[in-house]
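# Examining the three-dimensional arrangement
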Amino acid sequence: KLKAAGENKIARELGKAMRATTAPLVNEAKKNVRALQIKGDGEAGSATRRGGSSARLARYRMALGRKKILREERKLEIYRASRGLRDTVANAVAAKTTVSARSASLRVRAAQSKMPHDQRKLPRYLNRGEWRHPIFGDRDSWAKQTAPPAWFDDAGRTKGPLVLARANLTVSHFVDRIL
């Protein structure tokens, strides 16, 4: 019946409506990650080191100095200087919908494809609450950073039931429309 009703048009409308239902969850997750207080308590005097975009850019330039700078790496350098870790993760949080003739699914995640290549696992580590990384690319000196855990899980617990109820209403509305 979906095909007879014009599958592509209705599927697009359903996908758009379902993505709209996830707005509270996506916004809550973005708010949670931007509000994280990240602390470093690593080795090699990390308490005296400063973070932020200027330090990140300096570390990146130091790493690039060891190899030939390619055009793509220059673009990446500009990209990294423009935002911090929390904003990068927040911008990666998005809803994805899949609608077919037999099913409709909804997924909210921090997309790895929207993260810089060497930071793709950081949303998971941030949700876990701790991670380690080499200091200025030096594999002999490591820093451990911590943040309050479960920024993504908390958003799912608080806004998930609301999103689920709205998604079910949206799907049943479209089912009634088709039938």
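Above this text sits the structure in question.
We now turn to the structure provided with this report.

### Side note on helix α2 (residues 23–34)
- With twelve residues, α2 should reach 16 Å at 1.5 Å per residue; the first-to-last C-alpha distance of 16 Å fits that figure.
- Listed as buried for α2 are Pro24, Leu25, Val26, Glu28, Ala29, Asn32 and Val33.

### Some details on the environment of threonine 98
- Topologically, threonine 98 is positioned in strand β2 (residues 93–99).
- Among the residues examined, threonine 98 registers a relative accessible area of 42% and is labelled partly exposed.
- Separated by 84 residues in sequence, threonine 98 and leucine 14 place their C-alpha atoms 9.4 Å apart.
- Beyond its immediate chain neighbours, meaning those up to four positions away, threonine 98 contacts Ser103, Ala104 and Ser105.

### What to know about the pairing of strand β3 (residues 104–110)
- Strand direction decides the pairing type here: β2 and β3, joined by seven bridges, are antiparallel. Considered in β3, the bridge of valine 99 is made with alanine 104.
- Hairpin connection, β2 to β3: the antiparallel pair is bridged by four residues.

Parameters at a glance
- Counting restarts for each chain, with residues numbered from 1 along the sequence as it is written.
- Per-residue local features of the predicted model are confined to residues with pLDDT of at least 70, and side-chain atom pairs are confined, for both listing and counting, to 80 or more; whole-chain, interface and lining totals are unaffected and use all residues.
- Think of the side-chain values as coming from all heavy atoms in the structure, minus any hydrogens and water.
- Secondary structure follows DSSP: runs of H or I at least 4 residues long count as helices, runs of E at least 2 residues long count as strands, and numbering of each begins at the N terminus.
- The span you would expect from a helix comes to 1.5 Å times its residue count less one.
- Throughout this description, buried means an accessible area under 20% of the type-specific maximum (1.4 Å probe, protein chains only), exposed means over 50%, and partly exposed covers the range between.
- Here, two residues are considered to be in contact whenever any of their heavy atoms come within 4.5 Å of each other.
- The pairing criterion is simple: DSSP has to find at least two bridges between the two strands.

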